Structure formats: C-alpha cells, structure tokens
There are 2 protein chains.
Amino acid sequence: MDKSGQQLRLCLAQINSTVGDLEGNLAKILAAIDTARTSGCSLVAFPELALCGYPPEDLLLNKSFLKANAKYIKKVAAHSQGIAVICGFVGSSADRVFNSALVAEDGKALYTYSKVALPNYGVFDEKRYFTPGSEIPLLKFGEALAGLNICEDIWICPGITESQASLGARLILNTSASPYHMRRVEERIDLLRDRAQRNNCHVAYVNLVGGQDELIFDGASMVVNPAGKVIAGAEAFAEDMLVIDLEIPTTAAEEIPATASVADHEEPFRVKVVNLNSSGVAEKASKAGHSGERQLPLAEEVFRALVLGTRDYIQKNGFSNVVIGLSGGIDSALTLAVAVEALGADSVHCIFMPSQFTSELSFTAAERQARLLGCRMETIPIDEIYNVYVRELKPHYPRIATGLTSENLQARIRGNILMAYSNRSGAIVLNTSNKSEAAVGYTTLYGDMVGGFAVLKDIPKTLVFEISRYLNKSRSREVIAEEIIARPPTAELKADQADSDSLPPYEVLDEILRLYVELDTEEAEIVRLGFERKTVKRVIAMVRAAEYKRRQSPPGIKVTPRAFGRDRRWPITNRF
Amino acid sequence: MDKSGQQLRLCLAQINSTVGDLEGNLAKILAAIDTARTSGCSLVAFPELALCGYPPEDLLLNKSFLKANAKYIKKVAAHSQGIAVICGFVGSSADRVFNSALVAEDGKALYTYSKVALPNYGVFDEKRYFTPGSEIPLLKFGEALAGLNICEDIWICPGITESQASLGARLILNTSASPYHMRRVEERIDLLRDRAQRNNCHVAYVNLVGGQDELIFDGASMVVNPAGKVIAGAEAFAEDMLVIDLEIPTTAAEEIPATASVADHEEPFRVKVVNLNSSGVAEKASKAGHSGERQLPLAEEVFRALVLGTRDYIQKNGFSNVVIGLSGGIDSALTLAVAVEALGADSVHCIFMPSQFTSELSFTAAERQARLLGCRMETIPIDEIYNVYVRELKPHYPRIATGLTSENLQARIRGNILMAYSNRSGAIVLNTSNKSEAAVGYTTLYGDMVGGFAVLKDIPKTLVFEISRYLNKSRSREVIAEEIIARPPTAELKADQADSDSLPPYEVLDEILRLYVELDTEEAEIVRLGFERKTVKRVIAMVRAAEYKRRQSPPGIKVTPRAFGRDRRWPITNRF
C-alpha cells in the first residue's frame, strides 16, 4: 500500500428503510450518523434512496412526495457536523426527477450526485421515473480521491466507475438498493472484485436491507480491496453498521479536467470535485463486521430471506398477527415455521379445516406441527358447510359434487373461513401456495390462493422440501414434523388423491419450470436437455393457461432470479 | 395543391390483431393486402406490431417469439406483388430487439424502419424491450417523398417527423397502436393537425383496433391534410379499411443528404431513401370511410369501448359464454348490457342470489332487467348456506354474524356460487365492480371482487349512471330497467343499507378520485378546489388502504386517462 496514503474511517450504514416513511427513515439516518460520528468515522454512507425507501414506484409521480424528499434531505445535511454523510434521496427540479445521493459535511449540503445508469429490466422501471445524471463526482479527502456512484452505475462496465478511476479515484463508494435472489451475494462479490482489480481501487458497497412488498434487500454490504479480496462484510438480512479503516493512496496533484467521457455516452460529463474536511483519523479502530466472505448454505439464505420478507410486510403494513390454514402438508408447515421465526409463536394462529377426504395423518401431523412451534391450532370441519352448498346448488347443477367443481368448492370454503377469522381478528391470512403450483395453476382461485401475503410464492416445491429438511438438521430439533416431510404431497380434495396423479414428479416439473420460466429456454432445447417432449409441452401449456390465476394471487417474496409478477410480464391474452 | 403532384391511392388497414397469434394475424394481413390491391391502391399500411399484436410484453424476451416474427414477416413481404406494404413486426438482431415496420413491394422486403421514440410511461414499458432506431426513412413515390414513422415518434415534437419534412417529405405515414381512453380521438386530431400544419404535409395515421387484456385500441385511423383538416376517417372500435386518393407535391430533385439530425439526439441519423414502383393510379377512387371528424357522445364512445374490450377478452381467450351475478343494482345491469351487446343474449347467463337483506325491489328489478335483454336468470338464495357457516363458526367466533365479517361472508358465498357455475359450465364470471368502489375498497376480496374480467373496473359510478341513462335515451328502449337507475345504490349486505352511509355522495367521491388518482392533485389543492378537508383526507386514506385489494382484482378495461393497474404502480407497503 502506498506509504503516502490517506487514512479514512468509513461507516457503511446498512439500514432498513420503509417506503414513504420519511420521518421514520430520517430518525434512523440521524441515529446512524451519531453512531458513526461517535466511532470516529470520517464518512458515513447510506444506501440508494435510503431516505424514502426503495422502490417508491409511482409515488415518484406525486409532487408532495418529491417536496417531502427535498424537505427531509435538508435535515440530513443539517445533521452532518464533524462528519461527511452520503445519503440517497429523490432529487427533483421543475420537471425532472433524479435518483440522487447527497454529499454533506459540517451541516452543509455540498453536492448532489444523480445516478447515470438506470435499470429498466426485470423488476426495475427506473426509466419510467428518472432522468440520468451527467456529472462525474470525485470526493477529495486530503490528497486522496474517491468516486461516488449508485447501484447500476457499477454494474455497467466500462462505465462511470472506470471514468472515476481514470481521473484518480482510488476508492469507489457505491450506494445500492440491490434486490435479493438466490446466491445474489456471490454475483455481487464477483462483480465488485472485478471492478476493484480492474480499476486498482478499493470498493465500498453499501446495500439496503429489508422487505418491500415482493422484494427483499439483503444488505451484505462489503468492502473489497484492490487485490479483489473482500476485507469486511456486514450481516445479510439484518440492519448493520460496518466500520472500517482504509488507507487510500493519494493521487498526484495534477489538474483534474473539467470534463471527462463515460463509455457509451456521446457527450462528455462534467467532473465535480467535492472537497471534504473530515479527512483523517488519529488511530486505527478495530474493524466491525466480519472480515472476508461468508457463504450461508442456500437453504439458510432463503429461509432468512423469507423471514425478513414476511416480518417486514406484516409489520410495515401495521399488522402484528397472522393466520395460517394448516393442512398437514409441507407448504403450510414451512409457512408456519417462517411466520413463527418472523413474528413469534404468539402472533401466529393456525386453523385446521378437515373434510371427508382429510386423512387422520393430516390431523395428527398438523396438530403436532403447531405444537412443535408453540402455536395454537383450532379445528373447523368444512363438511357441513360443503353439504349445504351441494344441497342448495344441486337443483341447479346436478353434478356439483363431482370433479373440479367439488374440489374448488372445498378449497373456497376454507378460504372463506380463513378470511372470516381475518375479518374478526385483524390478522392477515398468510397464503401457503408454492411456486410450482402457481406456475401450473394447480391451485384454486379464491380458495387456497387467498391471503394477504404469499410466503412461498416464489419457492419451488423441491426447495420447500430442501429448506424443511435443512431446518430440522441445522436447528438440531424438529422444526418441521418429520411425518410431514416424509408423506407424498396431496391436495386431499378427493379420495386417495396425490399431486403425482395430475403433475409430473416435482423434481422433473421444477427443473422444466426453471428452464422455461426463469431462463426463457425454448421448448426444443428443454427436450434436448433430456426431458420427455410430451411432459415439456404439457408443462408449458399449463404455465400459459394459468397466467390469469396468477394475476389475482397475493403478493409474495421474490427468491429466484425470475419471479412471477412484475419480474415476468406476460399477457393473459396470448396465442403464441 | 402543387400541380405537379404525385397521385397516390393509399389504404390504411385498421385490423384487429391478437397478441401472439402470428398465423391468424398473417391471414388478416394477407387478405387486407389483396383487398387493397384489388382497390387499385399503391400502398397499404398496417398498424404498429400488427403482425404479433400489441403489447406483446415479455413475449419479447422469448427467442422463439422473435424467430416467429422474423419468419412470418417474410410471408408478408412475399405477398406484396404489385403493391407497397408497410407492416409492423418485431425486428431483432443477435442481442437487440426493435419495434419495426417492414416496407415491402413486389414480393421483396425493401427496408425495415425501427421506432425511435420509445414510450416508457403510463401503461408503456417500451424501454424494457426495444433498442431505438437510428435511421430516417423516406419513401419515394415517383418524385414525391413520404416519411414513415411509428406511434410515439409523431408525438415527440420536434422529432423525426420534422426531420423527414425538412428533407422533403410531404406525406407522413404514422403506424400506431395507441391505447384508448376517453376523448383520446380528440387529442389525436389536435396532435395530427398540428403536425400537418407545422410541416406542411399530409399525415396518414393508421391505428390498431381491438382489446388486449386491460387495453383497448380504438382504431379511428385518419388522414389530415396540410391545412390541418381531417379529410378521411375510419370507424372507431371496429376493423376498417380506409382507402383515399392523395396528391402529394413532388420535391425538387435536390440531393438528399446521407445523414440528418433529429432533435434531442446528439448523433446524426442515417437517411434511407426507399424507392417504390407502384407510384400512381389511373383514375380517382371514391373515398372509403367517412370524411372529416365525427365525435361520438362520450357515453356512446365508452360503451363501445367496453363492448369491444369484453368481446375481445372473452373470444381471444377462447371462451364464448359468461355468467353475471345480477343484484338488481345498476353495476350488474350495465355489465349485463355490455355483455349482451358483445356476445349476444344466448351467451350470457344471470344468477340472482338473494339473502334476508335483499329487497323485493331487487328481485323484480333484476328479473325484469334480464328479461329486457333477453337473458335467462336463475335464483339461488344464499341464506341456508350463510346460516350453516354461522352455525359452524359461531363456537369459534361468537360475533361471526355481525358487522363486516357477516357482510363479507355473504359476498363470498355469492362469489363461490358464481365460480361453481363457472367450473360446471366453462363460462367466465364477469365481475361487476366499478372504479369508485375499487378506489376506496368498498368491495369484498373473493366476494364481489371475483371474476375473470371486470367490465366496469375503470368506470366511476357517476359514469355508470350516465351511460345507463344514455343507453335508454339513445336506443329509444329500456336497455337498463328504469327502476334500477332510479333507486339509491346499496350493497344490501345488512338491513336498510345505503352506499351513502359509508361513502360521500358519488358526485363528490368521483371528482375527488379523478383529481387524486388521475391527475395526482395534492390534497391541499383538492381542498382549495372546494371540497371538505375531512372528506378529502378520508377518501385519500381509503384509496391508499385499498391498494392490497386492487392487486388481487380481475383485469378490466382501461377507459380513463389513468386506470388502476400498470397505469398506476403504487407500492402496497407505503407510509407516505
């Protein structure tokens, strides 16, 4: 390391903002600034749009919301005595809106950077709202230079990061709100390692944490050194403050040009140098956070994502209690385990709703499952209600008690009972459907599809099993009743029913779905990969035909690289 | 008009494409080419993405879909013997996708234009998919020049239209897929008139027609002369072929530059001149279509939009029958009128589901309503079913038969019965909720919110009344039973209930909603416009709180400038 380096104590403030809660988010930001200042930090950086939460969606079209951002960011600036602060907010002028980061110090707003690269794919719609920035900021600490940019900016390569490095920046500060999907941290590490090595600089990456509707932000902020090593990391799926001392090589005192180019942009960008005072620290602090890379087992990672997503959806929407229809099957058992971890057993109520087709095993398994997790379960049989429907409807529809009509009716009676409990108690119904079912439409609209939030919406059935087995092993106790893991999946809507009567084995189904839904693999290619043509055709046809059902499903947590919903925008009316 | 003008017989082929139905759309396109050729046309132009339908959404991420576009557009080109054809399709190269228009003649593909201005606001997500084009096409007929561009291209001003005119184009051909909302035709006329006058050219505008999920394309293709007069127009809400003879002034034979600029674009665009043979016609044809502007009454316009949207959703999804829960109220009555107009009385089944709270008036009105429109109505009382629910649930929830729980339960029993009929018969349930209810959440999830398609989803209650009164007047017969129009709205879920017990008068509610939802007017401004602060606050709070319900509502027809759904993307979790 350069002997003439500039000492810098940096704090990455990985906070959990709530969309629209400017007052609450401000309080978190001010408290984090105080903590960072007390820890002797020169600079504290917050995630992308930390002040208003991410993504604010069409709130960004609302003038009051833009005004509130402008008002509250001033309070952040005013709180920056003795420390440099970088904080994401929505910038706006008369007719334009920006994804901005404030740079403030000593109570003053010094500069506002606006994001250049605006993602407009997958779950992102940033070009709907934001005007891209056209400036390259360089933050000057003593004789050292740092480049500030926002989220997607660092994913585009070559891009603004490379321009900043070529202008002398030896530290890149990236503030992000990067949504979670499985193994996303590894993708980010690969990316940041590349950028650090390519540009011979440290990269400090601060990511948002928390659940927002269908998205999880997983935190896992980190610092990578110029050799490409992760030298410090914050917790995943929790708030954290990562404090680290860095020595940034100073840059030769050459004149910094007034403009510079950014790859793929025709016009040159203005270069803005922001001089900061709080440039050094007396002595080294011990690092906070863990050092280096830590990889959670996949099942652990996904379980934590589900817990965070469920807790935040419930609590940020002002609820505290949930109700779950326990069936004695694995989906409702895992949903229960997530809910109990997220909210505590006292906040989770279980209802078991047997019919004539419900086995004794289902009852004993459901009851034991509730008991394993310390929850109350009440039993409300549906047969009497079902019989009266049949009696009332049979004169009109003689075959009411047969086939799909009968099966759907049972599921809908259960849905009604859960909703009645919700109405009476104020508890949110947690939906228990998994992604495999939703994909092929093996669900009943207004029946097992009811709910305020769908915990397993993006979890394929095989992963439901994997997480369940993992929990029992890793927790050294029976989290999911073993008899539930052991039994073959069944909807129990007719006698001796098994999912495998209607669907391919889940190992086959889930892999075809992954190829078709997540990777857009063509039918012929899936067949070439070794799946039976008939099965592939049938699965694809089922996925297409179920689009209308998915449109009416509750929101749920994105976990895979492509979830149903705004991540995959298929028309309902579609003959292709 | 220039004496040395070039004669041109033009056909604007306003077809109703189905998304993804390349085979069916191709058949329509080939038939229209034949008709245009037989009529002696020099050129036939089809709407934006006519070959694959609009909007294809994430089908555009699917390689098979892109290949199919490439394959089928060749068949269009091959069919262009003796006539020039312009047809929208999805163009693609290795890693890029374009919103393209083919120019073909005499069996050969001559040129492909790619749209420059990609809308990414409101219901549009074009930047998610398309790379903008970078060429300015000029079509040369004899010595006359025409500029071709696509939809949004002509809305941006100055833009490519102005560049084309400055290069000598005296006719602008714009191919569109422009979604309907109320009074949209007038907006388009104002726009096209401005572009024609500003650029001293004719503008020929061909728009898609048909329903696609929540969007209606209303057709109403037209030709505007350089004086800004609409000289010919096609039907609205129906397929039509508009044939018109134009005399286009020839352009001095100056050298056309190889590149030219387009406003707001840094780089110059390549200019492409496409020489066409079929440049003249011997004698004048009589114009098809109507001449000049024709304004439908608003209620007529909206009714036709609803009819087209309903028919296309049902038929394009392969259904033929629908079922409607008639209540004796105005929403279900108007939904029935739309359905009967769209599908015929024989395809529409009505179910009346009285409870203890249902008045005699509701029964007689519903029955007469069905009879007025020639439909069958069956009556299925819900009391017995309701009573059994109460009996079974009361031990668990003593207050089950009171308040909202009781009201929602009744609505959900009705929902179940409609769905059971749908399961048995294959008919789609038409939802009857209006926009005012959906806005404030005055609806029951899985109850009156059930359905495959929501006809009145974007129709405020006051407009429901207006259309109903209009139908009776304009049709000179009772389309909507007068006693239904006359009675005060009620949900009849408890004794002597009226909507006005829970909601402000609909005249007040709808205007606040229009200001808040459609125009993003701030609360303080709405108050300044003369509404009671308490009422405004309450309405806004209700709209925010109901977002979670709207996410699970069936798709329905966009009619206002801003519908709920992808037109208004609010977060559920939101504390602002």
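Computed from a predicted structure; not experimentally measured.

Reading the values: rules and limits
- Residues numbered from 1 in each chain as written.
- Chains lettered and ligands numbered in written order.
- Predicted model: local features only at pLDDT ≥ 70, side-chain atom pairs only at ≥ 80, totals over all residues.
- Heavy atoms only, no water.
- Helix = DSSP H or I, 4+ residues; strand = E, 2+ residues; numbered from the N terminus.
- Rg over C-alpha atoms; globule rule 2.2 N^0.38 Å.
- Contact = heavy atoms within 4.5 Å.
- Phe/Tyr/Trp six-rings, centres within 6.5 Å; stacked < 30°, edge-to-face > 60°.
- Lys NZ or Arg CZ within 6 Å of the ring centre and 35° of its normal.
- 1 Å grid on protein atoms, 1.4 Å probe; cavity = no way out; pocket = protein on both sides within 12 Å on 5 of 7 lines; lining within 4 Å.
- Points joined across faces, edges and corners; volume = space filled by probe spheres on them.
- Nonpolar A, V, L, I, M, F, W, Y, C, P; charged D, E, K, R; others polar.
- Salt bridge = Lys/Arg side-chain N within 4 Å of Asp/Glu carboxyl O.
- Pairing = 2+ DSSP bridges.
- Buried area = accessible area lost by both parts, 1.4 Å probe.
- Least-squares fit on C-alpha atoms with pLDDT ≥ 70 in both.
- Expected span 1.5 Å × (residues − 1).
- Buried < 20%, exposed > 50% of the residue type's maximum accessible area, 1.4 Å probe, protein only.
- Core = buried A, V, L, I, M, F, W, Y, C linked by side-chain atoms within 4.5 Å.
- Axes fitted to C-alpha atoms, helices over the stretch in contact; angles between N-to-C directions.
- Polar contact = N/O pair within 3.5 Å; in protein donor to acceptor, adjacent residues only side chain to side chain.
- Lys, Arg positive; Asp, Glu negative; His and termini not counted.
- Parallel < 35°, antiparallel > 145°, perpendicular 65-115°, else oblique.
- Left-handed = near helix turned anticlockwise from the far one by under 90°.

(A) The overall build of chain A, seen in detail. Across its full length, chain A holds 18 helices and 21 strands. Radius of gyration (C-alpha) of chain A: 26 Å, near the 25 Å computed for a compact globule of 576 residues. Taken along the three principal axes of its C-alpha coordinates, chain A extends 90 × 50 × 45 Å. For chain A, contacts bridging at least 24 residues in sequence account for 74% of all contacts bridging at least 6.

(B) A look at the packing of aromatic side chains. Tallied over the entire structure, the rule returns 20 aromatic pairs over all chains. It is Arg550(A) that lies over the ring of Phe564(A); its NZ or CZ is 4.2 Å from the centre. Over the ring of Tyr72(B) we find Lys75(B); its NZ or CZ atom is 4.8 Å from the centre of that ring.

(C) Quick peek at empty space enclosed by the protein. All chains considered together, the criterion is met by eight cavities of 30 Å³ or more. Estimated volume of the largest cavity: approximately 1100 Å³. Contributing to the lining of the largest cavity are 43 residues, with Arg551(A), Gly565(A), Arg566(A), Arg551(B) and Arg566(B) lying nearest its centre. For the lining of the largest cavity, the class distribution of residues is 13 nonpolar, five polar and 25 charged. Along the walls of the second largest cavity sit 22 residues, with Val185(A), Ala220(A), Ala236(A), His290(A) and Arg294(A) positioned nearest its centre. Of all elements in the fold, only α5 (184-199), β13 (230-233) and α6 (298-316) of chain A reach the threshold of two or more residues within the lining of the second largest cavity.

(D) How the structure looks around the pattern of salt bridges. One pass over the structure, following the stated rule, counts 78 salt bridges over all chains. With a closest N to O distance of 3.8 Å, Glu392(A) and Arg391(A) form a salt bridge. Connected through salt bridges with shared partners, the residues Asp125(A), Arg569(A), Asp125(B) and Arg569(B) form a single ionic network.

(E) Main features of the pairing of strand β5 (residues 108-114) of chain B. Residues and elements named next belong to chain B. As paired strands, strand β4 (residues 97-105) and β5 are joined by six bridges and run antiparallel to one another. Paired with Ser100 across the bridge in β5 is Ser114. Connecting β4 to the antiparallel partner β5 that follows it, the hairpin turn spans two residues, and Asp106 within it adopts a positive phi of roughly 50°.

(F) Spotlight on the interface of chain A and chain B. Residue-level contacts link 86 residues of chain A with 85 residues of chain B. Here chain A packs against chain B, burying approximately 7600 Å² in sum over the two surfaces, 52% of which is carbon and sulfur. Our enumeration of links across chain A and chain B arrives at eight salt bridges. Its salt-bridge partner being Asp21(B), residue Arg575(A) comes within 3.2 Å of it at the nearest N-O pair.

(G) Region of interest: the relation of the copies chain A and chain B. Superposition of chain A onto chain B requires a rotation of 180° combined with a translation of 0.0 Å along the rotation axis, giving an RMSD of 0.0 Å. With respect to symmetry, the two chain copies, as superposed, fit the operation of a two-fold axis. Among all C-alpha atoms of chain A, that of Gln552(A) lies closest to the rotation axis, at 2.1 Å. Both copies present the same face, since 99% of the interface residues in chain A are matched by interface residues at the equivalent positions in chain B.

(H) Helix α12 (residues 461-474) of chain B, seen in detail. All names here are of chain B. The end-to-end C-alpha distance of α12 is 20 Å, a good match for the 20 Å that 14 residues give at a rise of 1.5 Å each. Among the residues making up α12, those that are buried are Lys461, Leu463, Val464, Phe465, Ile467, Ser468, Tyr470, Leu471 and Asn472. Tucked into the core, α12 has its buried residues touching α6 (298-316), α7 (330-343), α11 (435-440), α13 (482-486), α14 (499-502) and α15 (506-518). Phi for Ser476, located one or two positions after α12, is positive at around 55°.

(I) Summary view of the environment of Ala144(B). Residue and element names in this part refer to chain B. Its location among the elements puts Ala144 in strand β7 (residues 144-150). Overall, the relative accessible area of 2% leaves Ala144 in the buried class. Sequence-distant contacts of Ala144, defined by excluding residues within four places in its chain, comprise Gln6, Leu139, Ile248, Pro249 and Thr250.

(J) Summary view of the nonpolar core. In this structure, Leu139(A) and Leu173(A) are the most contacted members of the largest nonpolar core, which totals 115 residues. In terms of residue count, helix α7 (residues 330-343) of chain A provides more of this core than any other element does, ten residues in total. Residue contacts for Leu173(A): discarding those within four places in its chain leaves Leu10(A), Leu12(A), Leu43(A), Ala45(A), Ile86(A), Leu139(A), Gly147(A), Leu148(A), Asn149(A) and Ala204(A). The next biggest cluster of nonpolar side chains, apart from the first, holds 113 residues, and it includes Val116(B), Ile154(B), Met222(B) and Val262(B).

(K) A look at the environment of Lys63(B). Among the structural elements, Lys63(B) can be located in helix α2 (residues 63-78). Separated by 27 residues in sequence, Lys63(B) and Val90(B) place their C-alpha atoms 11 Å apart.

(L) Quick look at the sheet that holds strand β5 (residues 108-114) of chain A. Residue and element names in this part refer to chain A. Ordered in space as β5-β4-β3-β2-β1-β14, the six strands form an open sheet in which the pairing is mixed. If you trace the sheet from one side to the other, it starts and ends with β5 and β14 (240-248), each paired once. The sheet shows a mean angle of 30° between the axes of neighbouring strands, taken without regard to direction. Along the sheet, helix α1 (residues 22-38) makes contact with β1 (6-14), β2 (43-45), β3 (84-92) and β14, crossing β14 at roughly 45°. Packed onto the sheet, helix α2 (residues 63-78) meets β3, β4 (97-105) and β5 and runs at close to 165° relative to β3.

(M) Summary view of unusual backbone geometry. All names here are of chain A. Across the junction of Tyr54 and Pro55, the peptide omega takes the value -10°, indicating a cis bond. Its place among the elements puts Pro55 in the loop between β2 and α2. Geometrically, the link from Cys157 to Pro158 is a cis peptide bond, its omega value of 0° lying close to zero. One can find Pro158 in the loop between α3 (152-155) and α4 (160-166). Backbone geometry at Arg183 places phi at a positive 65°, although glycine is not the residue there. Mapped onto the secondary structure, Arg183 falls in the loop between β8 (171-176) and α5. The exposure class assigned to Arg183 is partly exposed, which follows from its relative accessible area of 24%. One non-glycine residue, Ser476, adopts positive backbone phi at about 50°. Within the secondary structure layout, Ser476 lies in the loop between α12 (461-474) and α13 (482-486).

(N) Representation of the side chain of Gln369(A) within the structure. Relative to the helices and strands, Gln369(A) resides in helix α8 (residues 360-372). Separated by 2.9 Å, the side chain of Gln369(A) and the backbone oxygen of Val479(A) make a polar contact.

(O) Inspection of the side chain of Asp153(A) at higher detail. Residue and element names in this part refer to chain A. Along the polypeptide, Asp153 turns up in helix α3. We note that Asp153 is buried and unpaired, the nearest opposite charge coming from Lys115 at a distance of 6.7 Å. Polar contacts involving the side chain of Asp153 include one to the main-chain amide nitrogen of Ala117, which spans 2.7 Å. In this structure, Asp153 is in contact with Tyr113, Lys115, Val116, Ala117, Ile160 and Thr161, ignoring residues within four places of it in sequence.

(P) Quick look at the sheet that holds strand β17 (residues 322-326) of chain B. Residue and element names in this part refer to chain B. Pairing is parallel across the open sheet formed by five strands, whose spatial order is β19-β18-β17-β20-β21. Each having just a single partner strand, β19 (376-379) and β21 (453-454) make up the two edges of the open sheet. Pairing geometry for β17 and strand β18 (residues 348-352), over five bridges, is parallel. Residue pairing across strands places Val323 opposite His349, the latter belonging to β18. In this fold α7 packs onto β17, β18 and β20 (428-431), with an angle of close to 160° to the strand it touches most, β17.

(Q) Fine view of the packing of α1(A) against α2(A). Residues and elements named next belong to chain A. Orientation of α1 relative to α2, taken along the N-to-C sense of each, is 20°, at an axis distance of 10 Å. Taken together, the axis directions place α1 and α2 in an arrangement best described as roughly parallel. Crossing of α1 over α2 shows right-handed handedness. On α2, the residues that touch Leu22, Glu23, Leu26, Ile29, Leu30 and Ile33 of α1 are Phe65, Ala68, Asn69, Tyr72, Lys75 and Val76. Its residues assigned to classes, the contact of α1 with α2 shows nine nonpolar, one polar and two charged.

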